[in-house]
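Here is how the chains run, residue by residue.
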Amino acid sequence: MAISGAGAPTPDRTPDLDRQIAFLTEACKLRGIERASKLADGSRHENSGEHSWHLALFALVLEGEAPEGVDINRVIRMALIHDLVEIDAGDAPIFEAGLDQAEIEAAEAAAADRIFGMLPEPQGAALRALWDEFEAAESADARFAKALDRFQPPVLNLANGGASWTPFNVGYTQVEARLRPPMERGAPTLWGWIGPRIRAFFSGEAS
């Protein structure tokens, strides 16, 4: 037990710090997970660590588009942790055909068990519960976070000329079907802004 100079004995934080630093070191691996989306300039694919940071920034900047009652600080926390499971499970491109959704969900749940389990209690349990809330997308906070998660990739695609739409040979109908429902559910103004721009892109009217 560590003893402070003139005060009462203080608990030894070493075991918790050991686990927290191990978790943070493990989280660095997220930067090595390549996503289907490319950067706004189209120069390369973004990685999942970059996506998580960008999504948190989207939440901070677009707070005004959140429905009443959304706690933007919780949304930012969801954004920062939502893809940590990809360290084990990898990225599942939204437009890739033939993916087994049940298999993906099982792999991600196992990854969440392992990765959040690295943290001391109750911190690990709290972050795991936040991840579960994001995945369920039932709370207002999670619905807004999910809407942003669907909004960020097409923003990049509109900037880079559809660099991650072209390889999957998708058109407006497929993009609308996957993106519109979660956006309208969690942040209707975002679809109202980007929907016409996506339609214009696929009709060849985008500048």
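Structural notes, computed from the coordinates.

Calculation criteria
- For every chain, the first residue of the written sequence is number 1, and numbering continues from 1 onward in sequence order.
- Local features in this predicted model are restricted to residues whose pLDDT is 70 or higher, and side-chain atom pairs enter the listing and the counts only when it is 80 or higher, whereas totals over whole chains, interfaces and linings include all residues.
- In computing side-chain values, all of the structure's heavy atoms are included and hydrogens and water are not.
- Counting from the N terminus, the helices are the DSSP runs of H or I reaching at least four residues and the strands are the DSSP runs of E reaching at least two.
- For this analysis, residues touch if any pair of their heavy atoms sits within 4.5 Å.
- Each accessible area value is a Shrake-Rupley result obtained with a 1.4 Å probe; residue values ignore everything except the protein chains displayed when judging cover.
- Cavity means a closed set of points on a 1 Å grid over the protein atoms alone, one where a 1.4 Å probe fits but cannot get out, pocket means an open set with protein on both sides within 12 Å along at least 5 of 7 lines, and lining means a residue has an atom within 4 Å of a point.
- Grid points are joined across faces, edges and corners, and a volume is the space filled by probe spheres set on the points.
- Here the nonpolar group is Ala, Val, Leu, Ile, Met, Phe, Trp, Tyr, Cys and Pro; Asp, Glu, Lys and Arg are the charged ones; every other residue, Gly included, is treated as polar.
- Whether a residue is buried, partly exposed or exposed follows from its accessible area with a 1.4 Å probe, protein chains only, as a fraction of its type maximum: under 20%, in between, or over 50%, in that order.
- Polar contacts, as counted here, are pairs of nitrogen or oxygen atoms within 3.5 Å of one another; within protein the pair requires one atom able to donate a hydrogen and one able to accept it, and residues that are adjacent in sequence qualify only if both atoms are side-chain atoms.
- Here, nonpolar core means buried Ala, Val, Leu, Ile, Met, Phe, Trp, Tyr and Cys residues that are tied together by side-chain atoms lying within 4.5 Å of each other.
- We define a salt bridge as a side-chain nitrogen of Lys or Arg found within 4 Å of a carboxyl oxygen belonging to Asp or Glu.
- Should DSSP find at least two bridges between two strands, the strands are taken to pair.

### Considering the overall build of the protein chain
Then step 1. Along its length, the protein chain carries nine helices and four strands.
Then step 2. The order of α-helices and β-strands along the protein chain, N terminus first, is β-β-α-β-β-α-α-α-α-α-α-α-α.
Then step 3. Expressed along its principal axes, the backbone C-alpha trace of the protein chain runs to roughly 70 × 35 × 30 Å.
Then step 4. Sequence separation of at least 24 residues holds for 67% of the intrachain contacts in the protein chain that already meet a minimum separation of 6.
Then step 5. Approximately 10900 Å² of the protein chain is accessible, and the part contributed by carbon and sulfur atoms is 55%.

### Details of the layout of surface pockets
Then step 1. The volume enclosed by the largest pocket comes to roughly 750 Å³.
Then step 2. Contributing to the lining of the largest pocket are 32 residues, with Ala92, Pro93, Ile94, Arg150 and Arg178 lying nearest its centre.
Then step 3. Considering only residue class, the lining of the largest pocket consists of 14 nonpolar, six polar and twelve charged.
Then step 4. Quantified by volume, the second largest pocket comes out at close to 310 Å³.
Then step 5. Classifying every residue of the lining of the second largest pocket gives eleven nonpolar, two polar and two charged.

### What to know about unusual backbone geometry
Then step 1. For the bond running from Glu121 to Pro122, omega is 5 degrees, close enough to zero to count as cis.
Then step 2. Structurally, Pro122 is set in the loop between α5 (101–116) and α6 (123–136).
Then step 3. Its identity is not glycine, yet Ala137 carries a phi of approximately 55 degrees, on the positive side.
Then step 4. With respect to the helices and strands, Ala137 occurs in the loop between α6 and α7 (140–160).
Then step 5. Positive phi, close to 55 degrees, is recorded for Asn169, a residue that is not glycine.
Then step 6. With respect to the helices and strands, Asn169 occurs in the loop between α7 and α8 (172–186).
Then step 7. Its relative accessible area of 67% is what places Asn169 among the exposed residues.

### Notes on the side chain of Asn47
Then step 1. Here Asn47 is to be found in strand β4 (residues 45–47).
Then step 2. Within the local environment of Asn47, its side chain forms a polar contact with the backbone oxygen of Arg31, the two atoms lying 3.1 Å apart.
Then step 3. If near-sequence neighbours (up to four positions away) are discounted, Asn47 is found in contact with Leu30, Arg31, Ile33, Glu34 and Arg35.

### Quick notes on the nonpolar core
Then step 1. In terms of nonpolar packing, the biggest core is built from 45 residues, with Val75, Phe116, Phe144, Leu148 and Ile198 touching the most fellow members.
Then step 2. Broken down by secondary-structure element, the contributors of at least two residues to this core are α2 (48–61), α3 (72–81), α5, α6, α7, α8 and α9 (188–202).
Then step 3. Discounting residues that sit within four places of it in the chain, Leu148 has contacts with Leu55, Phe58, Ala59, Leu62, Val75 and Leu190.

### Structural notes on the pattern of salt bridges
Then step 1. Using the criterion set out here, one finds 16 salt bridges in the structure.
Then step 2. Note that Asp88 is salt-bridged to Arg114, the shortest N-O span being 2.8 Å. In this pair, Asp88 sits in helix α4 (residues 86–89) while Arg114 sits in helix α5, placing the two residues 26 residues apart along the sequence.
Then step 3. Classification of Asp88 as partly exposed rests on a relative accessible area of 41%.

### Quick look at the pairing of strand β3 (residues 34–38)
Then step 1. The pairing of β3 with β4 spans two bridges and is antiparallel. Bridging from a neighbouring strand, Lys38 pairs with His45 of β4.
Then step 2. What sits between the antiparallel neighbours β3 and β4 is a turn of six residues, in which Gly42 has the positive phi angle 75 degrees.

### Observations regarding the side chain of Arg35
Then step 1. Assignment of secondary structure puts Arg35 in strand β3.
Then step 2. At a separation of 2.7 Å, a polar atom in the side chain of Arg35 contacts the side chain of Glu46.
Then step 3. In contact with Arg35, not counting residues within four places along its chain, are His45, Glu46, Asn47, Ser48, His51, Asp83, Asp91, Gln152 and Pro153.

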